[in-house]
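Understanding the architecture of this molecule
These are the residues of each chain, in order.
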Amino acid sequence: MMAIREYQPYLDWVTSQQSRMIELTQSWSHINSGSYHIAGLRAMREALAQEFAVLGGEAEVIPLSPLDQIDANGNAEKLDMAEALSIRKRPDAPIQVLLVGHMDTVYGPEHPFQSTRFDGENILNGPGVADLKGGLAVMLTALAAFERSPLKEKLGWQVLLNPDEEIGSIASDPLLKQAAQGENARAGL
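Read on for a plain summary of the structure.

Quick notes on the rules
Residues numbered from 1 in each chain as written. Predicted model: local features only at pLDDT ≥ 70, side-chain atom pairs only at ≥ 80, totals over all residues. Heavy atoms only, no water. Helix = DSSP H or I, 4+ residues; strand = E, 2+ residues; numbered from the N terminus. Buried < 20%, exposed > 50% of the residue type's maximum accessible area, 1.4 Å probe, protein only. Contact = heavy atoms within 4.5 Å. Areas by Shrake-Rupley, 256 points an atom, 1.4 Å probe, with all protein chains shown as cover. Lys, Arg positive; Asp, Glu negative; His and termini not counted. Charge placed at Lys NZ, Arg CZ, Asp CG, Glu CD. Core = buried A, V, L, I, M, F, W, Y, C linked by side-chain atoms within 4.5 Å. Pairing = 2+ DSSP bridges. Axes fitted to C-alpha atoms, helices over the stretch in contact; angles between N-to-C directions. Polar contact = N/O pair within 3.5 Å; in protein donor to acceptor, adjacent residues only side chain to side chain. Parallel < 35°, antiparallel > 145°, perpendicular 65-115°, else oblique. Left-handed = near helix turned anticlockwise from the far one by under 90°. Expected span 1.5 Å × (residues − 1).

1. Digging into the overall build of the protein chain
Along its length, the protein chain carries 5 helices and 9 strands. Starting at the N terminus and walking to the C terminus, you meet the elements of the protein chain as α-α-α-β-β-β-β-β-β-β-α-β-α-β. In terms of its C-alpha atoms, the protein chain occupies a principal-axis envelope of roughly 65 × 45 × 20 Å. By the burial criterion, 42% of the 189 residues in the protein chain qualify as buried. Within the protein chain, residue pairs in contact and separated by at least 24 positions form 71% of the contacts whose partners lie at least 6 positions apart. Total accessible area on the protein chain stands at roughly 10,600 Å², and carbon and sulfur atoms take up 53% of it. Separation of charge centres in the protein chain, based on 15 positive and 25 negative side chains, amounts to 9 Å.

2. Brief notes about the nonpolar core
One recurring pattern in soluble globular proteins is that nonpolar side chains are buried together. If you look at the biggest cluster of nonpolar residues, it comprises 27 residues, and the most contacted ones within it are Trp28, Leu48, Phe52, Leu143 and Val159. Listing elements by their share of this core, those giving two or more residues are helix H2 (18–29), helix H3 (38–52), strand E4 (84–89), strand E5 (95–102), helix H4 (129–147) and strand E8 (155–162). For this core, the element with the highest residue contribution is H4, accounting for 7 residues. Beyond its immediate chain neighbours, meaning those up to four positions away, tryptophan 28 contacts Met44, Ala47, Leu48, Glu51, Lys133, Leu136, Ala137 and Leu140. Of all hydrophobic cores here, the second largest spans 11 residues; its members include Ile62, Ala171, Leu176 and Ala179.

3. Describing the sheet that holds strand E9 (residues 185–188)
Hydrogen bonds between backbone groups are what pair the strands of a sheet, and the pairing can be parallel or antiparallel. Taken in spatial order, the 5 strands line up as E1-E4-E8-E5-E9 in an open sheet, and their pairing is mixed. Looking at which strands have only one partner, the edges of the open sheet turn out to be strand E1 (58–62) and E9. For this sheet, the mean angle separating the axes of adjacent strands, direction not counted, is 20°. Pairing geometry for E5 and E8, over 8 bridges, is parallel. When the sheet's bridge partners are listed, leucine 98 is paired in E8 with glutamine 158. Set on the sheet, H4 makes contact with E4, E5 and E8; between it and E5 the angle comes to about 155°. Strand contacts of helix H5 (residues 173–180): E1, E4, E5 and E8, with the helix running at about 170° to E8, the strand carrying the most contacts.

4. A closer look at the side chain of glutamate 51
The residue glutamate 51 is located in helix H3 in this model. Looking at glutamate 51, its side chain comes within polar contact range of the side chain of arginine 20, at 2.7 Å. What glutamate 51 contacts, discounting residues up to four positions off in sequence, is Arg20, Leu24, Trp28 and Leu140.

5. Notes on the packing of H3 against H4
Look at H3 against H4: their axes get within 11 Å of each other, and the N-to-C directions meet at 20°. Classed by the angle they form, the pair H3 and H4 counts as roughly parallel. In this structure, H3 crosses over H4, and the sense of that crossing is right-handed. On H4, the residues touching Met44, Leu48, Glu51 and Phe52 of H3 are Lys133, Leu136, Met139, Leu140 and Leu143.

6. Let's talk about the environment of alanine 43
Locating alanine 43 in the fold gives a position in helix H3. Through-space distance from the C-alpha of alanine 43 to that of tryptophan 28 is 9.5 Å; in sequence the pair is 15 residues apart.

7. Side note on H4
It helps to recall that an α-helix has 3.6 residues per turn; residues three or four apart then point in one direction. The terminal C-alpha atoms of H4, which comprises 19 residues, lie 25 Å apart, in line with the 27 Å expected from a rise of 1.5 Å per residue. Those residues of H4 not exposed but buried are Val129, Lys133, Gly134, Leu136, Ala137, Met139, Leu140, Thr141, Leu143, Ala144, Ala145 and Glu147.

Encoded structure:
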């Protein structure tokens, strides 16, 4: 068992990544990924896949079934959905952790809230900054720190990012449930 002082180099490394996390959050925030904006969600998924690739996991783009909905005239229609992204590392490790997040925001491409700005010295405001693009930057950085540690071989992980959380995760619900049923899963975050 490692004492807290043995983790300090990894914690210090995370602290050293603050500027990078802010840059990622701003960059991702400038990609419009409104829940129904498929082109924007695909651009966001590609940006995330590129950044998460540094972790060396296996990435998979997962198509979601179209949603059934009723249009303004009362007609049934199928609404195409963007794809989910899964990244796995060490799926055969004895302990597995599932990390779930989302890449969509509530702001479509026609909404005026499209860019970031600092409100004061330490407050970044922008679409998806707190929910969840900033959180994804933290997740990526925490996993990168973990991958630097000697404990990494004992734990496998899956990051599952869905494109429809802001509208209830209806299309991704089966995928999320399936991922949560993992055989050796010890934790879901």
